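# Inside the fold
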Amino acid sequence: MSQFKDLVIGSLLHDIGKLVQRADPNPSSKTHQQFGADWLEEFDFLKKYSAYSLWHHTREARQEKVPLLMVVNAADMLAAGERTKHEEDAKTSWEREIPLLSIFSKIRVDDGDSDPGEASVSSPRYYPLKQADTVFFPCHLHDEIKGTREAYAALLSGLETDIRAIERAFGVNTLLVLLEKYLSYVPGDTRVEGGAPERDPDISLFDHLKLTAAISSCLYGYMIEKQPDVDGWDEEFIYDAAEKRYIVLDADLSGIQPFIYNISSKGALRSLRARSFYLEMVCENIANRILHTCGLERVNLIFSGGGRLRLLMPNTEKAREAARETEKAANAFFRDELSGSIGLNVAWEEFAGLEMMRSSEQGGESQRSYKKVLEDLRVKLETRKKDRIIDELIERRFEMLGPFEPGEDECRICHCESDELEPLREHAEGEEPVLSCPLCRDLYVLGGSLRGLERLWMSEDEVSGYHSLRLPFGHLLWPKDEEASEPEGGWGIVLDKRWDADSYHSPNDYGLSYPHYREGEDFEDLAEKSCGAHWLGILRMDVDDLGRIFGGGIPEQEMSFTRISVLSRLMNNYFREVLPSVLRGGAEGYENFTVLEDTRFPRPLEIVYAGGDDLFIVGAWNHIIEAAFDIRETFALYTCENQGIHISGGIVISRHDHPLYDLARIAEIAENNAKSVDRSKDRIEIFGRTGKWQKYSRAVEQLLLPFLNLGEGKGVVKKTENGNKHAELALSRAFLRNVMAIARRYESLQRSGESGKLAFPYLAYTVARARETIKKDGHNGGELPERWMTLERALFDIGNYDILYSLASWADLLSRGGRTDE
Ligand SMILES: [Zn+2]
């Protein structure tokens, strides 16, 4: 292995002794450096990295005068930022039991209601010591989540088993997956002074190791360009933190929305899924290309999701050139192959080691804080986007195509002009063929094979006889095929089984978290799985005020490169990892939201897209609504119920054959409505009515459930003769229709400036009639049920009238007996 790769792997392993030490019955017998070195000596293929563990501390690295060890030490200090001043002090002790604090506990955002600067933070939450391959939430501090020797020993033994299993495919990429699996919830630093930690550790050992390796690799790349003879690197050169040695690079794809959604309904669900997935792979390919061209590793990929990438790179001509070239080559590809429908924007900012740490205090006047570095980068990227002519092309293309029917020589799916139009799929006699372009045909095939897709290859070479997709830079994408032999070079991407060490076949394989979730064949199929009316639901959601969370959420004195990186990793992780588990009904410590006694899991939905800070989901309409509540609740748990972090969304309910681009557009309007009502946001729009999540939840208890069931428990589900399911109304449909009419009347009175209460006489009459029916039916032996009384009070409460219509519509649709009843 090259000197550079050894350095990166050495950096990734330098603190592994912390895990070994905490798992040991006699932890104070040795230092963590010694524990780590001894452990590495046990594996033939890891022996050579033991020096990185043994000598990585400042004093020792300097004494040894081995330049590469000093590089790791310098990187370690920059990654750890805030703890440098204790690093030398051998007298500090450490405490195995201290758990990892969730960084979301630390975020303080002015939520708009409270005074500026007022803390939005909740009580601190911690992670139990577990592997990262299960989904769970941070919790309050209690005895069970403290780090016991047994818990550490279990993690260590899992890591040892996997390390052995991965030996033949051992490399930076595969090591990264294992470290993420076992060290994501292990605190990086548990030193205490005077019996108590100065502050709870909020950086995991995984993040610390990965970011140390990223910084090491930048230092190496930068210094080797200046001084190719490594042995000539002296202390002063290596530890220089004032020079601008780093680049933080942001890349972002524009035109994603039209590319994904501006397609016709023919074969839409498959195409939609494939288009979204294809863009993920394009992003991966862009990251791989930049890293490969600069000779960097995946440790330098700080973040990838939502069509955005962030990389940490050495500030060298080679890196800048790679960035420029990649942007150019990708855009040439998009122009030729995708009619310029998407475009790549790349911008970067140079910065110094000092600016990596919280800096306004430490670095003095001349140094920016890392927050300012990112702010400057954001401005550059915005400018870059505006400059690029491609944006104009996208606008024009979207306008020209609009919601029109495609012309003669246009692809019926994406509307591009093509002289290679062929039927999308086999069609029955008499059925009109869906003529489509080659890319749409390829994507349709990919869409069909996405379920359970375990492995993909990205390479330059074709393998004859297999179906591949074209990517930028002359690369090809190969979905898994049992028979195909792996092409030389390129990358193997492990999707569904990325946590299994056995799934990795070569050092170039890497694991990718992708939100796989699919429970339907097509829109019609999903719609038919609804309860009541067979309609389709579309949900769009995104995190409110992301800029404020990242820009000012971390307290100034703790702002650092590492914390921002951890925050973006964790945010993305919710959408990619937690969300699919929640929809399947399998998140530990959370019970799914349902209004019906009989709700099936996994939910009949399809994640079209989820990553970064937003999502787009389609599915059975009632499940879409319930899933929205699941997402809001679990996102709150995930972010420590921090009052300053929330998510808003919009739902559209429609027939399954309505044009998709129109549904996407209306859902976006609904989402924007939810976000525009007040500064604190935290809202959902359903059936055109916007309200706070909590208000909707309360209304479900007070209004929706009584419409469906006046007894105990959830709404009762009935099966019709043809097997369709629908909820049974507690009273007549006429009663529900009257409530809907009253709600509409209230709204229109309000709009015309009159008192909505003018609608109440009719409400009083409707309620009195219903009471008589309930008494006559002998419910509860003549007594009015508790739930009915709740409903009555809620109906006369004007505070409910902004969302009453949507609650009644919800009950109405749930109770429809399938299509024949509409
Ligand atoms: Zn097409």
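Just so it is clear, the model here is predicted, and its values are computed rather than measured. (Residues numbered from 1 in each chain as written. Predicted model: local features only at pLDDT ≥ 70, side-chain atom pairs only at ≥ 80, totals over all residues. Heavy atoms only, no water.)

## Here we look at the nonpolar core
Proteins that are soluble and globular tend to have nonpolar side chains buried together. By size, the foremost hydrophobic cluster in this structure holds 265 residues, and its most contacted members are L183, I215, L249, W621, W788 and W810. A per-element tally of this core places helix α13 (residues 268-294) first, with 15 residues. Residues within four places of I215 in sequence aside, it is in contact with A75, L78, A79, Y246, L312, M356 and F561. (Core = buried A, V, L, I, M, F, W, Y, C linked by side-chain atoms within 4.5 Å. Buried < 20%, exposed > 50% of the residue type's maximum accessible area, 1.4 Å probe, protein only. Helix = DSSP H or I, 4+ residues; strand = E, 2+ residues; numbered from the N terminus. Contact = heavy atoms within 4.5 Å.)

## Concerning the sheet that holds strand β5 (residues 246-254)
Reading across the sheet, the four strands line up as β6-β7-β5-β8 and stay open at both edges, with antiparallel pairing between neighbours. Each end of this open sheet is capped by a strand with a single partner; those strands are β6 (301-305) and β8 (343-351). Averaged over all neighbouring strand pairs, the angle between strand axes comes to 15°, with direction disregarded. By the bridge criterion, nine bridges tie β5 to β8 in an arrangement that is antiparallel. Residue pairing across strands places S254 opposite G343, the latter belonging to β8. (Pairing = 2+ DSSP bridges. Axes fitted to C-alpha atoms, helices over the stretch in contact; angles between N-to-C directions.)

## Points about the packing of helix α8 (residues 149-165) against helix α9 (residues 172-183)
Packing of α8 against α9 leaves a shortest axis separation of 10 Å and a crossing angle of 160°. As far as their axial angle goes, α9 and α8 are roughly antiparallel. Considering how the two elements wind past one another, α8 and α9 form a crossing that is right-handed. Where α8 approaches α9, its residues L155, G158, L159, D162 and I163 are matched on the opposing element by L175, L178, K181 and Y182. For the contact of α8 with α9, the residue count by class is six nonpolar, one polar and two charged. (Parallel < 35°, antiparallel > 145°, perpendicular 65-115°, else oblique. Left-handed = near helix turned anticlockwise from the far one by under 90°. Nonpolar A, V, L, I, M, F, W, Y, C, P; charged D, E, K, R; others polar.)

## Topic: helix α1 (residues 3-13)
The buried fraction of α1 is high, at nine of eleven residues. Of the residues making up α1, those classed as buried are F4, D6, L7, V8, I9, G10, S11, L12 and L13. For α1, the secondary structure elements touched by its buried residues are α3 (32-41), α4 (50-54), α6 (67-80), α9 and α10 (205-226).

## Regarding the sheet that holds strand β21 (residues 689-692)
Paired through backbone hydrogen bonds, the strands of a sheet run either parallel or antiparallel to each other. Ordered by their spatial adjacency, six strands build an open sheet running β17-β18-β16-β19-β20-β21, and the pairing between neighbours is mixed. Each of the sheet's edge strands pairs with one partner strand only, and the pair in question is β17 (605-611) and β21. On average, each strand axis in the sheet is tilted by 15° relative to the strand beside it, whichever way the strands run. Across two bridges, the pairing between strand β19 (residues 647-654) and strand β20 (residues 683-686) is parallel. Its bridge partner lying in β20, G650 is registered against E685. Docked against the sheet, helix α20 (residues 561-584) engages β16 (536-543), β17, β18 (614-620) and β19, running at close to 165° with respect to β17. Strands in contact with helix α22 (residues 660-676) are β16, β18, β19, β20 and β21; relative to β19, the strand with the most contacts, it is inclined by about 140°.

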